[in-house]
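# A structural walkthrough
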Amino acid sequence: MKKLLLSVLASSLFCSSLYAAELAPLQSDTEPDRTDWTQLDSKYGALPKVDSKLKIGGVSKTLTNEYWRSLGEGYQNAAKKYGFTVAYQAAANEDDQLGQLSIAETLISQGFNGLLVSPQTDINLEPALESANGKNIPVVNVNDAVMPNARYYVGNVQKDNGVRVAKWFIQHYPQGGKVAVIEGQPGVYAAGQRTRGFKETL
């Protein structure tokens with residue numbers, strides 16, 4: 001994951017001007033140019049040397065969830081290994097959309113060279129994305145919610161998560177039963193895709 005994020009970020013820092021044209025809305029599960037992380041080196045070459053002046057801002061959903069804390073630890077470990085600066089910040093909770101937007105905008109104003117963002121919804125960080133694009137600051141959408149106008153995305157195939165869970169239920173409860181599906185925050189691409197994969201598979 002660390003190498004994947006660094007590779008995408010490094011590529012975006014060097015190549016962001018190549019993607020200035022308008023893009024079709026991002027659909028992370030079905031993008032034709034998705035690359036499996038195991039194929040990054042063979043497809044794009046070795047990770048370029050990282051400039052020690054690089055300052056990356058990580059914007060997370062919240063630190064109350066272990067997953068997002070682990071992601072931040074991965075960012076910090078990569079920064080330490082490759083010798084650059086990472087600031088990892090998160091909103092107070094998963095409903096604090098304005099707080100998360102404020103964090104992203106503050107990092108932009110503080111002169112960070114790139115952002116790794118995990119938006120709370122598909123649209124709450126769009127103003128920060130527009131601001132960053134205007135300043136040629138690459139933004140990588142990392143997992144979960146998917147900003148339609150994001151140029152770069154790192155994450156898994158969300159629908160497949162739902163498919164895998166449904167297959168687990170089918171294997172462990174072959175006679176069926178009652179299952180309640182509690183979807184995440186409305187308007188989040190990943191939550192909808194996971195739910196769809198689960199229901200369709202069942």
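Please read these numbers as outputs of a predicted model, since none were measured by experiment.

### Quick word on the pattern of salt bridges
- By the definition in use, this model includes four salt bridges.
- Its salt-bridge partner being glutamate 200, residue lysine 159 comes within 2.9 Å of it at the nearest N-O pair. With lysine 159 in helix H6 (residues 158-172) and glutamate 200 in helix H7 (residues 189-201), the pair connects residues that are 41 residues apart, well separated along the chain.
- Its relative accessible area of 53% is what places glutamate 200 among the exposed residues.

### Side note on the nonpolar core
- Grouped together as the largest cluster of nonpolar side chains are 22 residues, with contacts concentrated most on Val59, Leu107, Val117, Leu125, Val139 and Met147.
- Here the element with the most residues in this core is helix H4 (residues 97-109); it accounts for five residues.
- Discounting residues that sit within four places of it in the chain, leucine 125 has contacts with Val59, Gln100, Leu101, Ala104, Val117, Pro119 and Met147.

### Focus: H4
- Spanning 13 residues, H4 covers 19 Å between terminal C-alpha atoms, matching the ideal 18 Å at 1.5 Å per step.
- Three or more residues of H4 are buried, namely Gly99, Gln100, Leu101, Ile103, Ala104, Leu107 and Ile108.
- Among the structural elements, strand E1 (55-60), strand E2 (85-90), strand E3 (114-117) and helix H5 (126-134) are those in contact with the buried residues of H4.
- One or two residues past the end of H4 sits glycine 111, with phi positive at roughly 85 degrees.

### Digging into the pairing of E2
- The pairing of E1 with E2 spans six bridges and is classified as parallel. By the bridge assignment, glycine 57 is partnered in E2 with alanine 87.
- The parallel pair E1 and E2 is bridged by helix H3 (residues 66-82), and the resulting crossover is right-handed.

### A closer look at the packing of aromatic side chains
- A full pass over the atoms with the stated rule returns six aromatic pairs.
- Three or more aromatic residues joined by ring pairs make a cluster, and in this case those are Trp168, Phe169, Tyr173 and Phe198.
- Against the face of phenylalanine 112 rests lysine 55, its NZ or CZ located 4.6 Å from the ring centre.

### With respect to the environment of isoleucine 123
- Here isoleucine 123 lies in the loop between E3 and H5.
- On the basis of relative accessibility, which here comes to 58%, the residue isoleucine 123 falls in the exposed class.

### Considerations on the side chain of aspartate 122
- Note that aspartate 122 resides in the loop between E3 and H5.
- The side chain of aspartate 122 is buried and forms no salt bridge, while lysine 61, the nearest opposite charge, is found at 8.0 Å.
- A polar contact of 2.9 Å, which involves the side chain of aspartate 122, links it to the backbone nitrogen of valine 146.
- At 2.9 Å, the side chain of aspartate 122 forms a polar contact with the backbone nitrogen of tyrosine 189.
- Excluding anything up to four places from it in sequence, aspartate 122 contacts Ala145, Val146, Met147, Pro148, Gly187, Val188 and Tyr189.

### A word on the pairing of strand E4 (residues 139-142)
- On E4, burial covers both faces: Val139 and Asn141 on one face and Val140 and Val142 on the other are all buried.
- Where E3 and E4 come together, three bridges link them in parallel fashion. Across the sheet, the residue bridging to leucine 115 is valine 139, located in E4.
- Crossover handedness for the path E3 to H5 to E4: right-handed.

### Considerations on the confidence of the model for the protein chain
- Across the protein chain, the average pLDDT comes to 86, with 88% of residues at or above 70.
- No element of the protein chain has a lower mean pLDDT than helix H1 (residues 2-15), at 47, and none a higher one than E3, at 98.
- For residues 10-21, every residue scores under 50 in pLDDT, and the model assigns this stretch 16 contacts once sequence neighbours within four places are set aside.

### Considerations on the packing of H6 against H7
- Look at H6 against H7: their axes get within 6 Å of each other, and the N-to-C directions meet at 35 degrees. Taken as a pair, H6 and H7 cross one another with a handedness that is right-handed. Contacts from Gln158, Lys159, Asn161, Gly162, Val163, Val165, Ala166, Lys167, Phe169 and Ile170 in H6 reach Ala190, Gln193, Arg194, Arg196, Gly197, Phe198, Glu200 and Thr201 in H7.
- Among the residues making up the contact of H6 with H7, the classes are represented as seven nonpolar, six polar and five charged.

What counts, and at which threshold
Residues numbered from 1 in each chain as written. Predicted model: local features only at pLDDT ≥ 70, side-chain atom pairs only at ≥ 80, totals over all residues. Heavy atoms only, no water. Salt bridge = Lys/Arg side-chain N within 4 Å of Asp/Glu carboxyl O. Helix = DSSP H or I, 4+ residues; strand = E, 2+ residues; numbered from the N terminus. Buried < 20%, exposed > 50% of the residue type's maximum accessible area, 1.4 Å probe, protein only. Core = buried A, V, L, I, M, F, W, Y, C linked by side-chain atoms within 4.5 Å. Contact = heavy atoms within 4.5 Å. Expected span 1.5 Å × (residues − 1). Pairing = 2+ DSSP bridges. Right-handed = clockwise from strand over helix to strand, strands pointing away. Phe/Tyr/Trp six-rings, centres within 6.5 Å; stacked < 30°, edge-to-face > 60°. Lys NZ or Arg CZ within 6 Å of the ring centre and 35° of its normal. Lys, Arg positive; Asp, Glu negative; His and termini not counted. Polar contact = N/O pair within 3.5 Å; in protein donor to acceptor, adjacent residues only side chain to side chain. pLDDT = per-residue confidence, 0-100. Axes fitted to C-alpha atoms, helices over the stretch in contact; angles between N-to-C directions. Left-handed = near helix turned anticlockwise from the far one by under 90°. Nonpolar A, V, L, I, M, F, W, Y, C, P; charged D, E, K, R; others polar.

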